[in-house]
Amino acid sequence: MSRVHPTLSKTDGEELATTTARPSIWTVWNKSSMGFHGTDGFSIYDSKGRLAFRVDNYSRKHKCFAGQLLLMDANGKALMALRPRILSMHDRWSGFKGEDGLDPKCRTHVFSMKRRSILQGRDKAEVYMDGPNDRSPLPHFKTEGCFRRRDCKILDSNGEEVAQISHKKVNRSVTLGDDVFSLIIQPYTDTELIMAFLVIMDRIC
């Protein structure tokens with residue numbers, strides 16, 4: 001059986017960069033890094049096979065009961081809290097910064113993300129930055145393609161590609177299933193932000 005990722009070694013003191021000058025390649029496993037039965041989530045590895053981001057204890061329950069999801073680094077440090085807007089017909093979610101997202105009294109809002117349309121374009125999403133009350137008519141990011149089919153791009157407000165999701169190929173003749181896929185992030189793009197988008201896309205697209 002082919003490995004999902006290379007060896008999980010990590011050099012002591014070596015940090016993962018939030019942005020890079022070159023495209024970064026990631027392997028996303030739609031499964032929790034926790035090994036016990038009943039866990040779901042995401043385990044995201046960098047090009048060297050190091051666990052970089054994770055979401056554990058992921059729930060498939062309706063958003064009214066699921067509560068917020070927590071994007072963490074490999075060591076379990078909270079990077080961003082992702083919370084559904086309960087009464088939103090567009091499946092709107094909000095992203096809050098780091099540990100602040102855990103405390104409703106001191107949350108720092110980073111972005112909101114929603115489906116583009118209630119009746120059409122269920123597989124497309126839009127992102128609005130700069131706080132929950134931002135009234136800009138144009139999204140700061142949007143998706144193109146189909147996330148469920150692992151054939152999807154994330155575009156910025158200028159229509160430039162900032163990230164691409166595709167099936168992961170072991171070699172020319174072997175492609176892994178939908179639970180494991182590749183993510184390419186373009187230079188100078190906030191990696192943590194893209195990871196947060198990915199987690200929400202799995203819920204609304």
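Please refer to the structure placed before this passage.
Remember, predicted model here, so these are calculated numbers, not experimental data.

Asker: Help me understand the overall build of the protein chain in this model?
Answerer: Within the protein chain, the secondary structure is distributed over two helices and twelve strands. Its helices and strands in sequence order give the protein chain the pattern β-β-β-α-β-β-β-β-β-β-β-β-β-α, from N to C terminus. Counting the 205 residues in the protein chain, one finds 45% classified as buried. Considering only residue pairs separated by 6 or more positions, the protein chain has 39% of its internal contacts joining residues 24 or more positions apart.

Asker: Can you walk me through the pairing of strand β5 (residues 78-84) in this structure?
Answerer: Side-chain direction in a regular strand flips from residue to residue, so the side chains alternate between the two faces of the sheet. Most of β5 is tucked away: six of the seven residues are buried. Where strand β4 (residues 69-73) meets β5, four bridges bridge the pair, whose relative direction is antiparallel. Looking at β5, one finds that L71 is bridged to M80. Hairpin connection from β4 to β5: four residues lie between these consecutive antiparallel strands, with G76 at a positive phi of about 90°.

Asker: Just to check I follow, could you spell out the nonpolar core for this structure?
Answerer: Core analysis: the biggest nonpolar cluster contains 40 residues, and L82, F111, M113, L183, F197 and M201 have the highest contact counts within it. No other element matches helix α2 (residues 191-204), which puts ten residues into this core. In this view, M113 contacts D91, R92, W93, A125, E126, V127, F197, I200, M201 and I204; residues no more than four positions away in its chain are not counted.

Asker: Can you help me understand the state of the cysteines in this one?
Answerer: If you walk through the whole model with that rule in mind, you get zero disulfides. Just so you know, C152 is unpaired, no disulfide at all, and the nearest cysteine sulfur is the one on C205, 6.6 Å from it. Looking at C152, the relative accessible area reads 1%, which means it is buried. Given the relative accessible area of 8%, C205 is considered buried.

Asker: Explain the pairing of strand β12 (residues 180-185) to me, please; I cannot follow it from the model alone.
Answerer: Where burial is concerned, most of β12 is hidden: five out of the six residues are buried. Here five bridges tie strand β11 (residues 161-167) to β12, and the two strands are oriented antiparallel to one another. Bridge assignment links Q164 to a residue of β12, and that residue is I184.

Asker: What is the right way to look at the sheet that holds strand β2 (residues 42-45) in this model?
Answerer: Across a sheet, strands are paired by hydrogen bonds formed along the backbone, either parallel or antiparallel in direction. Spatial strand order, β1-β2-β3-β4-β5-β6-β7-β8-β9-β10-β11-β12: twelve strands in a closed barrel with antiparallel pairing. Across the sheet, the axes of successive neighbouring strands diverge by a mean angle of 20°, strand direction being ignored. Bridge analysis of strand β3 (residues 51-55) against β4 gives two bridges, and the strand direction is antiparallel. Across the sheet, the residue bridging to F53 is D73, located in β4. With respect to the sheet, α2 is in contact with β1 (24-29), β2, β3, β4, β5, β6 (93-97), β7 (109-115), β8 (125-129), β9 (141-146), β10 (151-156), β11 and β12, its orientation differing from that of β7 by roughly 35°.

Asker: Teacher, can you tell me more about the pattern of salt bridges here?
Answerer: Side chains that differ in sign of charge can pair as their charged atoms come close. Within this structure, the stated rule accounts for seven salt bridges. One salt bridge connects E126 with K114, and the closest N-O pair in it is separated by 3.2 Å. Placement of the pair is E126 in strand β8 and K114 in strand β7, with a sequence separation of twelve residues. A residue is classified by how much of its surface remains accessible, and K114, at 10% relative accessible area, is buried. Residue D202 pairs with R148 through a salt bridge whose shortest N-O separation is 3.5 Å. Of this pair, D202 sits in helix α2 while R148 sits in the loop between β9 and β10, and the two are 54 residues apart along the sequence. By relative accessible area, which is 0% here, D202 ends up buried. R148 sits in the partly exposed class, given a relative accessible area of 37%. Bridged by salt links that share partners, the residues K114, R116 and E126 form one connected network.

Rules and cut-offs
Residues numbered from 1 in each chain as written. Predicted model: local features only at pLDDT ≥ 70, side-chain atom pairs only at ≥ 80, totals over all residues. Heavy atoms only, no water. Helix = DSSP H or I, 4+ residues; strand = E, 2+ residues; numbered from the N terminus. Buried < 20%, exposed > 50% of the residue type's maximum accessible area, 1.4 Å probe, protein only. Contact = heavy atoms within 4.5 Å. Pairing = 2+ DSSP bridges. Core = buried A, V, L, I, M, F, W, Y, C linked by side-chain atoms within 4.5 Å. Disulfide = S-S within 2.5 Å. Axes fitted to C-alpha atoms, helices over the stretch in contact; angles between N-to-C directions. Salt bridge = Lys/Arg side-chain N within 4 Å of Asp/Glu carboxyl O.

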